[in-house]
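Single-letter residue listing:
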Amino acid sequence: MPIHRETIPSFLSRMAALNGVCSADFAVDMGFSLKRVIHLEETVLRDLAACGGLTDTQLEELISWTGRGIGDVRMIFRGEFFVSRALRKPIIRGCPICLREDIKTDSARPLTQMAMRGDWQMREASLCITHRHPLVQLWEHRRPEDRYDFSLRFTGILEDIKDGRLERPRVTPSPYNWWLNARLETGADHTWLAGQSLYAATTFCTLLGSELLRLKDPTGLDVAAHRQLAQATGFEIAHRGKAAIRDALTELAALADGSNDTPSKAFGRLFGNLSQINLSRDDFAQFRQILRDCIVDIWPVAAGESVLGIIQPERQLHSVVTAAREANIGSALLEQFLVDAGAIDADDDRPTSRKTFKATAYADLLAEVPTLVGPTEMQRVMGATQAQLMSLAEDGVLAPRINIPTVNSPWRPTDGIALIAELQELSVPIEPSDKRWEGIQQAKKRSGARVGAIITSLREGKLQLGRRTDLEGYAGFCVLMEEIDQMSRQKQDPAELTFLTAAVFSRPVGMRTQGWFERLAAAGHTPATRRPHPKWGGVNGSMSLLLISTTFTDAF
């Protein structure tokens, strides 16, 4: 009778032992080769079933624990698809305690009782759940006929099995071991992995766990113990589903923080497996998708670039380096704009190749930065002088795209062009010889009126705007001196009064003697307000700030 989880070659081996021969010789005596048994040829299986008195159910059970090839190096094992290398390896492993207990059934004929269990051959199985014993190597042979001649191979390790020389310390089964045992036995699975093939799930658990152990850096473990811990670690994450897997992958990504570190370094053998070995397997699709989404959300993947077999339709992230390359500007310059725009933090100390930001959110900024110009070009575009541009900037009529002194080209030429076009619409042509008009900058200098206030009044229709026919651009726009004077005489809100120092006020009125204005104010001829010195603090006689009243202006 077959032993639970026994394989076809094992059953043949025990029949051969009953007849006192090895498996290869017994197969020949039955009219076929051991190789044909290994490949589960139908005629051989029928003959074996007839000779061994197997029912159809027993035969199918033996086949299910053996695994049947279906071409393209694939097999069906326990109703699930596996690649052949996951079940067929030169190294044969097993539980020495199971084999020792087999011998006790009939110690006089041990080879007739020792059975090879099908789960032992599975690459991602590492423990006999019944005896809590690690699976150990029994023998290794590359030629299948030598490897699967169990009656011959068991003869060579019989004494070791009896004496317990192959046994190792017992191991407490992990949730991974219990899960795998149940899924092999009945197919039951109450975790998220129920939706994944057993081959993909076990492979992924082992690979993920192996990489996660880099975070813990366990020491003092042999290869087998390290693998068991990796399987348990990977399963603890994977059985909970996509969100847990994604969080674990994000932790791994943090390990690769160097300027040239790629996903390959972050995810190690897991990345290599999903990007190469199992790239085209459908049963790994969800695992690839989770890893791919993580990569695209962390690394600056360009549109058209292939990530785990899928072409990225559009870029989701830019790094400072990739953005600077696309914008054809220096990364140090671009980083100043990105910090100013809030795309990256000023205290982010990662390499520029790892400082990332949302590509679409800052696409306009990246398109705009290369078009910005310096003050000289901005003046040329507007037809303005340096003083005129400075006045427009001081009053906020025009604002640089970024207000950092080290940026040499902060101006949008489109802003200057738009202002000129707007004023052009508001203006009327005037002759250069018409002395009633003066340039906006001259009006500011003569009356003290702010350029911003003049532009606002022009927009509100409170002032007329002329355009000299002999000048182009901003320099050609003029205002009526009479209207500017009237605007200056209008009562101002105290909060808007302009404070001038005595020295500054003295120049346009022709008074340059030090201290004269303070004496004038002290005599009561004009009101004055003392204010703290803007640099030194306190009140400083000749340099104190004074409120120039409209009554004093009228007196002149």
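Student: So what about empty space enclosed by the protein? Which residues, and what values?
Tutor: Per the stated rule, a full pass over the model turns up one cavity of 30 Å³ or more. Volume-wise, the largest cavity comes out at about 150 Å³. Forming the boundary of the largest cavity are 17 residues, of which Arg88, Ile92, Gln121, Tyr148 and Phe150 lie nearest the centre. The greatest single-element share of the lining of the largest cavity, amounting to three residues, is contributed by strand 4 (residues 91-94). Looking at side-chain class alone, the lining of the largest cavity contains nine nonpolar, four polar and four charged residues.

Student: Requested: an account of the packing of helix 1 (residues 8-18) against helix 5 (residues 56-66), with residues and values cited.
Tutor: Their axes nearest at 8 Å, the elements helix 1 and helix 5 cross at an angle of 120 degrees. On the basis of their axis angle, the class for helix 1 and helix 5 is oblique. In this structure, helix 1 contributes Ile8, Pro9 and Phe11 to the contact, and helix 5 contributes Leu59, Leu62, Ile63 and Thr66.

Student: If you had to explain helix 14 (residues 285-298) to someone new, which residues and values would you point to?
Tutor: The terminal C-alpha atoms of helix 14, which comprises 14 residues, lie 20 Å apart, in line with the 20 Å expected from a rise of 1.5 Å per residue. Residues of helix 14 that are buried: Phe287, Arg288, Ile290, Leu291, Arg292, Cys294, Ile295, Val296 and Ile298.

Student: Describe the layout of surface pockets, and please don't skip the residues or the numbers.
Tutor: In this structure, the second largest pocket occupies an estimated 580 Å³ of space. In terms of lining residues, the second largest pocket is bounded by 19 residues, among which Arg93, Leu135, Val136, Gln137 and Ala224 are the most central. Every element with two or more residues in the lining of the second largest pocket is listed here: strand 4, strand 7 (136-140) and helix 11 (223-238). Ranked by the residues each element gives to the lining of the second largest pocket, the list is headed by helix 11, at five residues.

Student: Got a sec to walk through a nonpolar patch on the surface? Specific residues and values, please.
Tutor: A surface patch of nonpolar side chains, about 230 Å² in accessible area, is lined by Ile70, Ile76 and Phe81. Mapped onto the secondary structure, Ile76 falls in strand 2 (residues 74-77). Classification of Ile76 as partly exposed rests on a relative accessible area of 33%.

Student: Outline the side chain of Arg88, supporting the account with residue identities and numerical values.
Tutor: With respect to the helices and strands, the residue Arg88 is situated in the loop between strand 3 (80-83) and strand 4. The charged side chain of Arg88 is buried without a salt bridge, its nearest counter-charge being Asp119 at 11 Å. One polar contact links the side chain of Arg88 to the main-chain carbonyl oxygen of Thr66, over a distance of 2.7 Å. A distance of 2.5 Å separates a polar atom in the side chain of Arg88 from a polar atom in the side chain of Gln121. Ignoring sequence-local partners within four residues, the contact set of Arg88 consists of Thr66, Gly67, Met75, Gln121, Arg147 and Tyr148.

Student: I'd love a proper account of helix 13 (residues 263-277), names of residues and values included.
Tutor: Taking 1.5 Å of rise per residue, 15 residues should cover 21 Å, yet helix 13 covers just 16 Å from first to last C-alpha, more than 12% shy of that figure. Largest kink in helix 13: about 90 degrees, centred on Arg269. Where helix 13 is concerned, the buried positions are Pro263, Ala266, Phe267, Leu270, Phe271, Asn273, Leu274 and Ser275. Against the buried residues of helix 13 lie helix 10 (198-216), helix 12 (242-253) and helix 14.

Student: So what about the packing of aromatic side chains? Which residues, and what values?
Tutor: For the structure on display, the rule yields 16 aromatic pairs. Judged by centre distance (5.9 Å) and plane angle (55 degrees), the rings of Phe82 and Tyr199 are tilted. In this pair, Phe82 sits in strand 3 while Tyr199 sits in helix 10, placing the two residues 117 residues apart along the sequence. The same class applies to Phe82 as to Tyr199, namely buried. When the ring of Tyr176 is compared with that of Phe235, the centres are 6.2 Å apart and the planes differ by 70 degrees; the resulting orientation is edge-to-face. In this pair, Tyr176 is assigned in helix 9 (residues 175-186) and Phe235 in helix 11, connecting sequence segments 59 residues apart. By the burial criterion, Tyr176 is buried, and Phe235 matches it. Among the aromatic side chains, those forming a connected cluster through ring pairs are Trp65, Phe77, Phe82, Trp192, Tyr199, Phe204, Phe284 and Phe287. Lying over the aromatic face of Phe81, Arg74 brings its terminal NZ or CZ to 5.3 Å of the ring centre.

Quick notes on the rules
Residues numbered from 1 in each chain as written. Predicted model: local features only at pLDDT ≥ 70, side-chain atom pairs only at ≥ 80, totals over all residues. Heavy atoms only, no water. 1 Å grid on protein atoms, 1.4 Å probe; cavity = no way out; pocket = protein on both sides within 12 Å on 5 of 7 lines; lining within 4 Å. Points joined across faces, edges and corners; volume = space filled by probe spheres on them. Helix = DSSP H or I, 4+ residues; strand = E, 2+ residues; numbered from the N terminus. Nonpolar A, V, L, I, M, F, W, Y, C, P; charged D, E, K, R; others polar. Axes fitted to C-alpha atoms, helices over the stretch in contact; angles between N-to-C directions. Parallel < 35°, antiparallel > 145°, perpendicular 65-115°, else oblique. Contact = heavy atoms within 4.5 Å. Expected span 1.5 Å × (residues − 1). Buried < 20%, exposed > 50% of the residue type's maximum accessible area, 1.4 Å probe, protein only. Patch = residues over 30% accessible without salt bridge, like charges linked within 9 Å, V, L, I, M, F, W, Y side chains within 5 Å. Areas by Shrake-Rupley, 256 points an atom, 1.4 Å probe, with all protein chains shown as cover. Salt bridge = Lys/Arg side-chain N within 4 Å of Asp/Glu carboxyl O. Lys, Arg positive; Asp, Glu negative; His and termini not counted. Polar contact = N/O pair within 3.5 Å; in protein donor to acceptor, adjacent residues only side chain to side chain. Bend = angle between axes of the 7 residues up to and from the residue. Phe/Tyr/Trp six-rings, centres within 6.5 Å; stacked < 30°, edge-to-face > 60°. Lys NZ or Arg CZ within 6 Å of the ring centre and 35° of its normal.

Such coordinate-based values are descriptive only and should not be taken to indicate function.
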